[in-house]
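# Report on the structure
In case you want the letters, here they are:
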Amino acid sequence: VKLKNDDGNERAYHVVPAFAGKAQNSGVVTIGRDGKGRYWQVRIENVDGADFSVDSIDAVVVVLHGKPSGS
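Heads up: these notes are all about the structure in this document. Worth saying up front: this structure is predicted, and the values here are computed from it rather than measured. (Residues numbered from 1 in each chain as written. Predicted model: local features only at pLDDT ≥ 70, side-chain atom pairs only at ≥ 80, totals over all residues. Heavy atoms only, no water.)

### What to know about a nonpolar patch on the surface
A grouping of V42, I44, F52, V54 and I57 is seen on the molecular surface, where their side chains present a nonpolar patch of about 480 Å² in accessible area. Note that F52 resides in the segment after β3 (40-43). The class for F52 is partly exposed, based on a relative accessible area of 48%. (Patch = residues over 30% accessible without salt bridge, like charges linked within 9 Å, V, L, I, M, F, W, Y side chains within 5 Å. Areas by Shrake-Rupley, 256 points an atom, 1.4 Å probe, with all protein chains shown as cover. Salt bridge = Lys/Arg side-chain N within 4 Å of Asp/Glu carboxyl O. Helix = DSSP H or I, 4+ residues; strand = E, 2+ residues; numbered from the N terminus. Buried < 20%, exposed > 50% of the residue type's maximum accessible area, 1.4 Å probe, protein only.)

Written out as structure tokens, the structure reads:
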């Protein structure tokens, strides 16, 4: 998972799913609160080439009030 804000700062996170045989499973990415930006891009890549699908993405967003202090 790659996140990029409107200032061009990019972060990459590696998701390691908990394998349960061939059953569906999920992965969680915990992202720190030090990233700032008004607009964000989210990119999901399959770097190892295995089959996968995305059924849903849930995001918990913290909205800060006031003028941001910069990135």
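### Topic: the pairing of strand β1 (residues 2-5)
Burial along β1 is one-sided: the face carrying L3 and N5 is buried and the face carrying K2 and K4 is not. Alignment of β1 against strand β2 (residues 10-12), held across 3 bridges, turns out to be antiparallel. Bridging across to β2, K2 finds its partner in A12. Linkage of β1 to β2, two consecutive antiparallel strands, is achieved through a turn of 4 residues, within which G8 is found at a positive phi near 90°. Relative to β3, β1 runs antiparallel, the two being bridged by 4 bridges. Bridging across to β3, K2 finds its partner in R43. (Pairing = 2+ DSSP bridges.)

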